[in-house]
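# Structural characterization, general
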Amino acid sequence: MQKQVELRRGLKDVYLDRTQASFIDGAIGKLLYRGYSIHDLAEKSTFEETVYLLLYGKLPTRSELAVLDKQLKQSRDIPQEVIDILRRQLKAHPMDALRTGVSALAGFDPEVIDNSAEATIRKGIRLTSQSPTVVTTHARLREGKSPIPPRKDLGHAANFLYMLTGKEPDPEEARIMDVDFILHAEHGANASAFAARVTASTLSDLHSAVVTGIGTLKGPLHGGAAEAVMKMAHDIGSPDKAQQYLDKLLSSGGRVMGFGHRVYKAEDPRAQHLRERARGLGEKRGHPEWFQILEAVAKGMERYQSRGIFVNVDFYAGAVYHLLGIPEDIFIPIFAIGRVPGWTLQVVEQFQDNQLIRPLLEYVGPMDVPYVPIDQRH
Ligand code: SDX
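All residue numbers here refer to positions counted from 1 along the written sequence of the relevant chain. In keeping with the model being predicted, local features are shown solely for residues with a pLDDT of at least 70 and side-chain atom pairs are shown and tallied solely at 80 or more, while totals for entire chains, interfaces and linings include all residues. Each side-chain value is worked out from all heavy atoms of the structure, with water and hydrogens disregarded.

### Digging into the domain arrangement of the chain
- Residue ranges assigned to the domains are those given by an automatic or database domain assignment. In terms of domains, the chain is made up of domain 1 (20-220 + 330-352) and domain 2 (225-323).
- The contact definition used throughout considers only heavy atoms, calling two residues in contact when any of these lie within 4.5 Å. If you look at the interface, domain 1 gives 29 residues, while domain 2 gives 27 residues.
- Here the buried area means the combined drop in accessible surface, using a 1.4 Å probe, for two parts upon being joined, counting both sides. Summed over both partners, the interface of domain 1 with domain 2 buries about 2300 Å², with 61% contributed by carbon and sulfur atoms.
- Of all residues in domain 1, the largest losses of buried area upon contact with domain 2 belong to Ile176, Leu183 and Phe331, amounting jointly to 28% of the total for that side.
- We define a salt bridge as a side-chain nitrogen of Lys or Arg found within 4 Å of a carboxyl oxygen belonging to Asp or Glu. At the surface where domain 1 touches domain 2, the tally comes to 5 salt bridges.
- Salt-bridge contacts for Lys284 lead to Glu172; the nearest nitrogen and oxygen are separated by 3.0 Å.
- Numbering goes from the N terminus for both helices and strands, where a helix is a DSSP run of H or I of at least four residues and a strand is a run of E of at least two. By residue number, the principal contributor to the side of domain 1 that touches domain 2 is helix α8 (residues 171-183), which donates 7 residues.

Here's what the structure looks like:
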């Protein structure tokens, strides 16, 4: 007789371990990175400062930030061999190119098998800087253009947009990208961070864990939502068609991308920091319709709030990226670029007090079946 087991499918509400990376109260929509409110960080900090906070556990002094900023700027180049590998897969989805690029970078990192906290943090800083270069290099090559080398005189977000477009972004647009990276930097045991922890728990290495994270983040139920939101906005076409679209989608059991969350049963506190920026960018660029469509969707989804389904971080992100002129299939890589520091911190935490992550599956198949020689099978 099989013993009774308690299944927790999707590991819903299961606590895996302790962390000092971030605190999430899903009931009230609260998020802290290392104790600091996401609202303070989004509006008063920078991605570089947030990277320091996540990796070292405290806000940096001006001189500490200058040291990190220099490390980040010096790590932006990627080896020619990696560029050549990206040149071999111009038709790949940008997330696949990023996954391949990070995998290839492992072959050129002198500390790849050093799992000490210090080396893991140094590698995480390098990957935080190299990931934008991998993404933009592939984006330029697939358009038949030469990659644009990183600049050392631009901030992380501005340099990403510069390498993607060839133009130095205006400060307001660079700031919007900076805020977006802050909002995506860390978020507890989300599927991709959990996957990265599983990889780290076997004492593999940071590059392998980040490759795992990228592959996991790609799914539309996780990081792929921003791309799916923009596709939804295109399909809807105009604000007055939003309700009809929602009725059709929801009545067939579909999911509205950019809504709902495994943990948040109130509004995702990150969404508000992109909502007004999406509105403002739309008006500035002369395309208010995208924000108007999203607002019509948000209005149509209000009745789902009673079931704990609210807008999440990805809902407005897609409109922001689209209005910044970023191709839709590069939306997910932007999420991944922002999340590298969070994955790095969680891998450091996993290494510090490691337990191999190895859950159980309840077997419900046949038992003790006799083996039949092949000529007696039918
Ligand atoms: C991210 O985990 C993280 O922290 C992730 C993230 C991070 O920073 O790392 O915050 C980033 O991934 C944000 C989420 C992006 N994904 C999407 O926007 C995709 C659309 N969202 C849904 O697929 C869904 O909300 C999930 C996957 C995000 C969460 O789903 P759960 O927790 O597994 O809940 P569920 O699928 O069991 O849904 C519970 C109920 C269901 O209704 P019933 O079957 O019980 O009647 O809520 C409904 C669902 O149908 N529901 C939705 C919905 N989300 C949940 N109905 C319509 N549209 C939705 N978006």
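### Thoughts on the site of the ligand
- Nearness is judged by heavy atoms alone; a residue qualifies as near a molecule or strand once a single heavy atom is within 4 Å of it. Not every one of the 24 residues close to the ligand is listed here, only the nearest: His187, Val256, His261, Arg262 and Arg270.
- Leu221 is positioned such that a nitrogen or oxygen atom in its backbone is 3.2 Å from a nitrogen atom of the ligand.
- Contacts described as polar in this section are N or O atom pairs within 3.5 Å, which, within protein, must combine one atom able to donate a hydrogen with one able to accept it, while residues neighboring in sequence count only if both atoms come from side chains. Separating an oxygen atom of the ligand from a side-chain N or O atom of His222 is a distance of 3.0 Å.
- Polar here means any residue outside two lists: the nonpolar Ala, Val, Leu, Ile, Met, Phe, Trp, Tyr, Cys and Pro, and the charged Asp, Glu, Lys and Arg; Gly therefore counts as polar. Class assignment for the residues of the shell around the ligand results in 9 nonpolar, 8 polar and 7 charged.

### Comments concerning the pairing of strand β1 (residues 22-25)
- Looking at chain direction, β1 and strand β2 (residues 30-33) are connected through 4 bridges and run antiparallel. Within β2, the residue paired with Ser22 across the bridge is Tyr33.
- Hairpin connection of β1 to β2: 4 residues between the antiparallel strands, including Gly29 at a positive phi of 70 degrees. Only when DSSP finds a minimum of two bridges between them are two strands counted as paired.

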